[in-house]
Amino acid sequence: MADIATRVYNHKWKIDPIVRSLIDTDFYKLLMCQSVFRNSPDTTVTFSLINRSKDVRLADLVDEGELREQLDHVRSLSLTRGESTWLRGNTFYGKRQMFRPDFMEFLEGLRLPAYHLDKRDGQYELTFEGPWPQVMLWEIPALSILMELRSRAVLKDMGRFELQVLYARAMTRLWEKIQAMRALPDLRIADFGTRRRHSFLWQDWAVQAMIEGLGDRFTGTSNCLIAQRRDIEAIGTNAHELPMVRAALADGDAALRQAPYDVLADWHEEHDGNLRIILPDTYGTEGFLSGAPDWLAGWTGIRIDSGDPATGAETAIRWWQSRGEDPRAKLIIFSDGLDADKILALHRQFHGRVKVSFGWGTLLTNDFRGLVPGDGLAPFSLVCKAVAADGRPTVKLSDNPSKATGPAAEIDRYKRVFGVGTQQALAVTV
């Protein structure tokens, strides 16, 4: 096990680059990339960094030269032979050869495209534009780099013993959370923390702690590189990016309204009925479920990623019941802003009523709150979103209006088309 404090103190970035591999990314990005490669290879998409926590002035904290060095390093990466063999031959979700030969040939030849970096008002403007299957793979590395460079900026003047104490406190905090969850019956929990992790070494340590502390109740990690190295399951399905781009390309309100369902129809065909988890909140869960075709009710489950999670779960349960499905046979994955106390409460509320699972993200892999003066390591809300497709703006509404993205006029149009009424704004911390 790595001595993280010593590695940080003796840090040389070429030994510990922030992104170590093209598969140091989330599994869902590769699954989605294969679908995009098949269905929309020529669509031009723009991704942009969005810092929702304006008080964290990244351009003042993070040196531009260091940022460019790390971004340029990612552009030099390609799949190793071992990584390619793992993707080609491993079994994911019970299916061997999840990734088709033509997609693997594309991935094996891929180098990530150029980026554009600027500064404005204390923030970095970082964008990526190009063919969708290529630029989409920038999202997770870009976020990981900014998050870890911010951590390194805060830690750079700390002494050896100060770092040892800091990491000992963080380790103790995480272990106490794990111990609190041991008592939960039938717990299913995975690491979803790559995009806003404190560092790669810390995420890897957190995964090892979950393996030892929770055993088979820990179902795996979204991080492909860690899954490969630790011989555990790679976890993930799809995200908001697919309906956002499909909706942006829709001509007229009727096509716009149908776009999220068309995405899932393609997904169903792509995976032969496997990986059937609905992410319904891109344009509002209530409207999505009320207009959903009957065949979606037969899918395995739903992931709840915005709004009040208990409200979202109750909505899903009512929907399944209205479609003649038994909620006890369905899976609900909670994945928004989770920490141990929320996981405990949600498990107790819904265990036995549905199958309950958790994707634990930022507060698993980046909970250093209150551990340095000025709370300089507290996690913050940084995202990298598809903002345009073939020159058309994308929109995300979610079940929390604080997470909405896109031009104001388009947001209003999408609310009208998808029948989104009054929403409760919730604070976005991670």
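In case you missed it, the structure is sitting above this.
All values reported here derive from a predicted model rather than from experimental measurement. (Residues numbered from 1 in each chain as written. Predicted model: local features only at pLDDT ≥ 70, side-chain atom pairs only at ≥ 80, totals over all residues. Heavy atoms only, no water.)

Counting its secondary structure elements, the protein contains 18 helices and 13 strands. Rg of the C-alpha trace for the protein: 21 Å, near the compact-globule value of 22 Å for 430 residues, within the 12% margin. Expressed along its principal axes, the backbone C-alpha trace of the protein runs to roughly 60 × 50 × 45 Å. Sequence-distant contacts, at least 24 apart, represent 78% of the contacts inside the protein between residues at least 6 apart. Entry remark: accessible area of the protein is about 17400 Å², with carbon and sulfur atoms responsible for 48%. Looking at the protein, you have 54 positive and 57 negative side-chain charges, and the mean spots of the two groups are 2 Å apart. (Helix = DSSP H or I, 4+ residues; strand = E, 2+ residues; numbered from the N terminus. Rg over C-alpha atoms; globule rule 2.2 N^0.38 Å. Contact = heavy atoms within 4.5 Å. Areas by Shrake-Rupley, 256 points an atom, 1.4 Å probe, with all protein chains shown as cover. Lys, Arg positive; Asp, Glu negative; His and termini not counted. Charge placed at Lys NZ, Arg CZ, Asp CG, Glu CD.)

This part takes up the sheet that holds strand S11 (residues 355–360). The strands that make up a sheet pair up through hydrogen bonds in the backbone, lying either parallel or antiparallel. Reading across the sheet, the six strands line up as S7-S6-S11-S10-S9-S8 and stay open at both edges, with parallel pairing between neighbours. Each edge of the sheet is formed by a strand with only one pairing partner; in this case those strands are strand S7 (218–221) and strand S8 (277–278). As defined by bridge partners, strand S9 (residues 301–304) adjoins strand S10 (residues 331–334) across four bridges and the pair is classed as parallel. In the sheet register, Ile 302 faces S10, and the bridge partner there is Ile 332. (Pairing = 2+ DSSP bridges.)

Our next topic: helix H8 (residues 139–155). For H8, which comprises 17 residues, the first-to-last C-alpha distance of 25 Å matches the rise-based estimate of 24 Å (1.5 Å per residue) to within 8%. Taking burial as the measure, the 17 residues of H8 include 16 buried ones, the bulk of the element. (Expected span 1.5 Å × (residues − 1). Buried < 20%, exposed > 50% of the residue type's maximum accessible area, 1.4 Å probe, protein only.)

Here we come to the pairing of strand S4 (residues 116–120). Relative to strand S5 (residues 123–131), S4 runs antiparallel, the two being bridged by five bridges. Its bridge partner being in S5, His 116 is matched across the sheet by Thr 127. In textbook terms, the turn of a hairpin is the stretch between consecutive antiparallel strands, and for S4 and S5 this stretch comprises two residues, one of which, Asp 121, has a positive phi near 55°.

Attention shifts here to a negative patch on the surface. A surface patch of negative charge is lined by Asp 63, Glu 66, Glu 69 and Asp 72. Structurally, the position occupied by Asp 63 is in the loop between helix H3 (58–61) and helix H4 (64–75). (Patch = residues over 30% accessible without salt bridge, like charges linked within 9 Å, V, L, I, M, F, W, Y side chains within 5 Å. Salt bridge = Lys/Arg side-chain N within 4 Å of Asp/Glu carboxyl O.)

Now for the pattern of salt bridges. Summed over the entire model, instances satisfying the criterion amount to 33 salt bridges. Residue Arg 392 pairs with Asp 251 through a salt bridge whose shortest N-O separation is 2.8 Å. Taken together, the residues Arg 392 in strand S13 (residues 392–393) and Asp 251 in the loop between helix H12 (241–248) and helix H13 (253–270) connect sequence positions 141 residues apart. Relative accessible area serves as the criterion here: at 59%, Asp 251 is assigned to the exposed category. Shared partners join several salt bridges into a network, and the residues in it are Arg 38, Arg 100, Asp 102, Glu 269 and Glu 270.

In this structure, Asp 121 is a non-glycine residue whose phi angle is positive, near 55°. Within the secondary structure, Asp 121 sits in the loop between S4 and S5. Even without a glycine there, the phi angle at Ser 398 is positive, about 65°. Inspection of the secondary structure assignment puts Ser 398 in the loop between S13 and helix H18 (408–417).

Per the stated rule, a full pass over the model turns up 23 aromatic pairs. Aromatic pair Phe 92 and Phe 99: ring centres 5.9 Å apart, planes at 75°, arrangement edge-to-face. For the pair Phe 92 and Phe 99, a shared accessibility class is recorded, and that class is buried. (Phe/Tyr/Trp six-rings, centres within 6.5 Å; stacked < 30°, edge-to-face > 60°.)

One can describe the packing of H12 onto H13 by two numbers: an axis separation of 8 Å at closest approach and a directional angle of 130°. Classified by the angle their axes make, H12 and H13 are oblique. H13 is crossed by H12, and the crossing has right-handed handedness. Only Leu 256, Ala 259, Pro 260, Asp 262, Val 263, Asp 266 and Trp 267 of H13 make contact with H12, whose side of the interface consists of Leu 242, Pro 243, Arg 246 and Ala 247. Partitioning the contact of H12 with H13 into residue classes produces eight nonpolar, no polar and three charged. (Axes fitted to C-alpha atoms, helices over the stretch in contact; angles between N-to-C directions. Parallel < 35°, antiparallel > 145°, perpendicular 65-115°, else oblique. Left-handed = near helix turned anticlockwise from the far one by under 90°. Nonpolar A, V, L, I, M, F, W, Y, C, P; charged D, E, K, R; others polar.)

In this section: the packing of helix H5 (residues 81–89) against helix H6 (residues 101–108). One way to put it is that H5 packs onto H6 with a least axis distance of 11 Å and a crossing angle of 160°. When the axes of H5 and H6 are compared, the pair comes out roughly antiparallel. The way H5 lies across H6 gives a crossing that is right-handed. Within the contact between the two elements, H5 uses Ser 84, Leu 87 and Arg 88 and H6 uses Pro 101, Met 104, Glu 105, Leu 107 and Glu 108. Classifying every residue of the contact of H5 with H6 by side-chain character gives four nonpolar, one polar and three charged.

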